[in-house]
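In case you want the letters, here they are:
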2 protein chains.
Amino acid sequence: MQKETLCLGLLSLGPRSGYEIKQMFEGPLSDFYSLSFGTIYPTLNSLQADKYVSCKQHSQSKKPDKKVYTITKKGMELMKDNLLGDASSYIRSGNFGDQIKSEFFLLLLFSKYIPNETMNTVLNERVLYLRQKLEQFKYDGPVPGNLDAIRNEKSVSFIRGLASALIETGLNYMEKNRHLLKKKIN
Amino acid sequence: MQKETLCLGLLSLGPRSGYEIKQMFEGPLSDFYSLSFGTIYPTLNSLQADKYVSCKQHSQSKKPDKKVYTITKKGMELMKDNLLGDASSYIRSGNFGDQIKSEFFLLLLFSKYIPNETMNTVLNERVLYLRQKLEQFKYDGPVPGNLDAIRNEKSVSFIRGLASALIETGLNYMEKNRHLLKKKIN
DNA sequence: CGTATATATATCAGATTGATATATATAATC
DNA sequence: GATTATATATATCAATCTGATATATATACG
């Protein structure tokens, strides 16, 4: 999916600044996708130049102006067209996997070269992290205003349920099988 | 983890060409990490220049020479040092998540803008793909020679078991809950 | 009262990918 | 028997993206 389509999709949930879009990537989307500021800001500028979004500057006392972008009718159309195209090429491509870079799995893979004690800490920290993630995905209380819209998307309930189930499976597996990674001699 | 450490780690399983290292990334490692040719070949050249690997050219009738790289004692030491450093900074960083770019989850997220029929195909193809993956992870028969070493790593049994459990959970969840994604009206 | 973190945009060097070039063998399809 | 597609094998590079840095201020913490 192009960065343009992705930004338009997020703006379809409501007007946002570039900073707030980044917060979505660092918050609820962090486990599925991310874009850096270096991609987000230029993308918003080009979307604005082509009238796919409009922009209102909210001057804030001495902080840089907050530029709040709103998706236009033209932008909504481009987004829907692109999403249909993306779904179609996803189907045609035959490539249904995700792109993953996992430092954790690389450390596991080469664990025989890493002291037992160190690997133990790696696994402990990963377990702690996953427990936190699980709580986050199950948490149903209030969230900051700019993250509220994405939270209330119906598809997000589906995704959160899936993520919770996957993390629970992962935690159970790791607790039952981590002894398999221990080396006899260091 | 630096590309150098990763290539050395894979060469520690046995001598390989750049092409064969790429095959490892496209095969058994594809769900955890990947590097492109544009990264692998220059990395091998620089590792060779610094004597972390040695290289034997196998001239093949009219195909480009196959350059088979072997990790040196110096290379083994660098790899172990780097792995210990990587594990330590993984622990210190506090960042235990994986880097993921999932076209599938983006399509789910924006599924309300995509026709039911199209999303149905997307989900069907993803399910088919996951079933294939599951078979691959559970398959215990023979594999091509250059992928044999990684297959026989003890840590890989752990990883394959984990992957299988996760995919099974994902498949079950999707089959039970995919109706939640349907829109009433298109 | 200094330090750390949060808000907010912008830029850019450096790293990485994805595509392409080159050359041949082999398998599949028609 | 001819054509097409796929696999082997390395190399290069434009286009893209990230991660770091610059700039400026507010707020919370001890």
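Report follows, based on the coordinates. Residue indices begin from 1 for each chain and proceed along its sequence in written order. Just so you know, chain letters begin at A and ligand numbers begin at 1, following the order they were written in. Selection of residues for local features in this predicted model requires a pLDDT of at least 70, selection of side-chain atom pairs for listing and counting requires 80 or more, and totals for whole chains, interfaces and linings are taken over all residues. Note that water and hydrogens are dropped before the side-chain values are worked out from all heavy atoms of the structure.

### Section: the side chain of Asp86(A)
Logical step 1: Put simply, DSSP H or I for four residues or longer makes a helix, DSSP E for two residues or longer makes a strand, and each gets a number counted from the N terminus. With respect to the helices and strands, the residue Asp86(A) is situated in helix α4 (residues 73-93).
Logical step 2: Under the scheme applied here, a residue whose accessible area is under 20% of the maximum for its type counts as buried, over 50% as exposed, and between as partly exposed, the area being computed with a 1.4 Å probe on protein chains only. Positive residues here are Lys and Arg, negative ones are Asp and Glu, while His and the chain termini are left out of the count. Here a salt bridge means any side-chain nitrogen of Lys or Arg lying within 4 Å of a carboxyl oxygen belonging to Asp or Glu. Buried charge without a partner: Asp86(A) forms no salt bridge, and the closest opposite charge is Arg92(A), 8.5 Å away.
Logical step 3: Contact definition: two residues touch when any of their heavy atoms are within 4.5 Å. Among all residues touching Asp86(A), those that are not within four sequence positions of it are Met1(A), Gln2(A), Thr5(A), Glu103(B) and Leu107(B).

### Examining unusual backbone geometry
Backbone geometry follows two general trends: most residues other than glycine have a negative phi, and most peptide bonds adopt the trans configuration.
Residues and elements named next belong to chain A.
Logical step 1: Of note in the backbone geometry, Lys51 takes a positive phi value of approximately 65 degrees without being a glycine.
Logical step 2: Turning to its location among the elements, Lys51 is positioned in the loop between α3 (37-49) and β1 (53-58).
Logical step 3: Residue class for Lys51 comes out exposed when judged on its relative accessible area of 57%.

### As for the nonpolar core
Logical step 1: Residues grouped as a nonpolar core are buried Ala, Val, Leu, Ile, Met, Phe, Trp, Tyr and Cys residues, joined through side-chain atoms within 4.5 Å. Ranked by internal contacts, the top residues of the largest apolar core, which has 112 residues, are Leu10(A), Phe25(A), Leu108(A), Leu6(B), Leu10(B), Phe25(B) and Leu108(B).
Logical step 2: Excluding anything up to four places from it in sequence, Phe25(A) contacts Leu6(A), Leu10(A), Ser30(A), Tyr33(A), Ser34(A), Leu35(A) and Ile40(A).

### Description of the side chain of Thr118(B)
Logical step 1: If you trace the backbone, Thr118(B) turns up in helix α6 (residues 116-138).
Logical step 2: The residues contacting Thr118(B), other than those within four sequence positions of it, are Leu84(A), Ala87(A) and Ile91(A).

### Points about the interface of chain A and chain B
Logical step 1: Taken together, the contact pairs 64 residues of chain A with 65 residues of chain B.
Logical step 2: Defined in terms of a 1.4 Å probe, buried area is the accessible area two parts forfeit on being brought together, summed over both. Together chain A and chain B conceal approximately 6,700 Å² of surface at their shared face, both sides included; 73% is due to carbon and sulfur atoms.
Logical step 3: Of all residues in chain A, Lys101(A), Tyr113(A) and Phe158(A) bury the most surface against chain B, accounting for 12% of the area lost on that side.
Logical step 4: The closest approach of N and O atoms between Glu153(B) and Lys112(A), which form a salt bridge, is 3.1 Å.
Logical step 5: Think of a polar contact as two N or O atoms within 3.5 Å of one another; within protein, one of them needs to be a possible hydrogen donor and the other a possible acceptor, and neighboring residues in sequence only count if both atoms come from side chains. Linking chain A with chain B are 26 residue pairs in polar contact (both at pLDDT 80 or more), by the criterion used here.
Logical step 6: For the side of chain A that touches chain B, the secondary-structure elements that each account for two or more residues are α1 (3-11), α4, β3 (99-101), α5 (103-109), α6 (116-138) and α8 (154-177) of chain A.
Logical step 7: Looking at the side of chain A that touches chain B, the element that brings in the most residues is α8(A), giving 14 residues.
Logical step 8: For two strands to pair, DSSP has to find at least two bridges joining them. With three bridges joining them, β3(A) and strand β3 (residues 99-101) of chain B adopt antiparallel strand pairing. When the bridges of β3(B) are listed, Ile100(A) appears paired with Ile100(B).

### Focus: the packing of aromatic side chains
For any pair of aromatic rings, the description consists of the separation of the ring centres together with the inter-plane angle of the planes.
Logical step 1: Classification of ring pairs rests on two measures: the distance between centres of Phe, Tyr or Trp rings, Trp counted by its six-membered ring, which must be within 6.5 Å, and the angle between planes, read as stacked under 30 degrees, edge-to-face over 60 and tilted in between. Taken as a whole, this structure holds 18 aromatic pairs over all chains when the rule is applied.
Logical step 2: Put simply, the rings of Phe32(A), Tyr90(A), Phe96(A), Phe137(A), Phe104(B), Phe105(B) and Tyr129(B) touch in pairs and so form one group of aromatic residues.
Logical step 3: Only lysine NZ and arginine CZ atoms are considered, and such an atom sits over a ring when it is within 6 Å of the ring centre and within 35 degrees of the ring normal. Sitting over the face of the ring of Phe37(A), Lys22(A) holds its NZ or CZ atom 5.7 Å from the ring centroid.

### Some words on a nonpolar patch on the surface
Logical step 1: Each patch is built from residues that are more than 30% exposed by relative accessible area and take part in no salt bridge. Like charges join if they lie within 9 Å; nonpolar side chains (Val, Leu, Ile, Met, Phe, Trp, Tyr) join within 5 Å. Areas reported here follow the Shrake-Rupley algorithm with a probe of radius 1.4 Å; residue values treat only the protein chains shown as occluding. On the surface, a nonpolar cluster with roughly 310 Å² of combined accessible area is contributed by Tyr19(A), Phe37(A) and Tyr41(A).
Logical step 2: Structurally, Tyr19(A) is set in helix α2 (residues 18-26).

### A word on α6(A)
Logical step 1: The end-to-end C-alpha separation of α6(A) is 33 Å, in line with the 33 Å expected for 23 residues at 1.5 Å each.
Logical step 2: Regarding α6(A), the residues found buried are Asn116(A), Thr118(A), Met119(A), Val122(A), Leu123(A), Arg126(A), Val127(A), Tyr129(A), Leu130(A), Lys133(A), Leu134(A) and Phe137(A).
Logical step 3: Buried residues in α6(A) make contact with α5 and α8 of chain A together with α4 (73-93) of chain B. Between the first and last residue of a helix there are one fewer steps than residues, each counted as 1.5 Å, and that sum is the expected span.

### Some remarks on the packing of α4(A) against α6(B)
Think of two packed helices as two axes; the pair is described by the angle between the axes and how far apart they sit.
Logical step 1: Interhelical geometry of α4(A) versus α6(B) gives an angle of 30 degrees and a closest axis separation of 10 Å. On the basis of their axis angle, the class for α4(A) and α6(B) is roughly parallel. The handedness of the crossing between α4(A) and α6(B) comes out as left-handed. Contact with α4(A), carried on its side by Leu84(A), Ala87(A), Tyr90(A) and Ile91(A), involves Thr118(B), Thr121(B), Val122(B), Glu125(B) and Arg126(B) of α6(B) and no other residues of that element.
Logical step 2: Of the residues assigned to the contact of α4(A) with α6(B), the class counts are five nonpolar, two polar and two charged. Between N-to-C directions, angles span 0 to 180 degrees; the directions come from axes that are lines fitted to C-alpha atoms, helices contributing only their stretch in contact. In what follows, roughly perpendicular refers to angles from 65 to 115 degrees, roughly parallel to angles under 35, roughly antiparallel to angles over 145, and oblique to any angle outside these ranges. By convention the crossing between two helices is left-handed if the near helix lies anticlockwise of the far one by an angle smaller than a right angle, and right-handed if it lies clockwise. Charged means Asp, Glu, Lys or Arg here, nonpolar means Ala, Val, Leu, Ile, Met, Phe, Trp, Tyr, Cys or Pro, and polar covers whatever is left, Gly included.

### What to know about the pattern of salt bridges
All names here are of chain A.
Logical step 1: Within this structure, the stated rule accounts for 20 salt bridges over all chains.
Logical step 2: Across the salt bridge formed by Glu175 and Arg131, the nearest N and O atoms sit 3.0 Å from each other. Note that Glu175 is positioned in helix α8 and Arg131 in helix α6, a separation of 44 residues in sequence.
Logical step 3: The salt bridge partner of Glu168 is Lys138, with a shortest N-O separation of 2.5 Å. Within this pair, whereas Glu168 is found in helix α8, its partner Lys138 is found in helix α6, the two being separated by 30 residues in sequence.
Logical step 4: Given a relative accessible area of 32%, Glu168 falls into the partly exposed group.

### Things to note about the packing of helix α1 (residues 3-11) of chain B against α4(B)
Residues and elements named next belong to chain B.
Logical step 1: Interhelical geometry of α1 versus α4 gives an angle of 125 degrees and a closest axis separation of 9 Å. Put simply, α1 runs oblique to α4. Our pair here, α1 against α4, has a crossing hand that is left-handed. Contacts between α1 and α4 pair Thr5, Leu8 and Gly9 from the former with Gly75, Leu78, Met79, Asn82, Leu83 and Asp86 from the latter.

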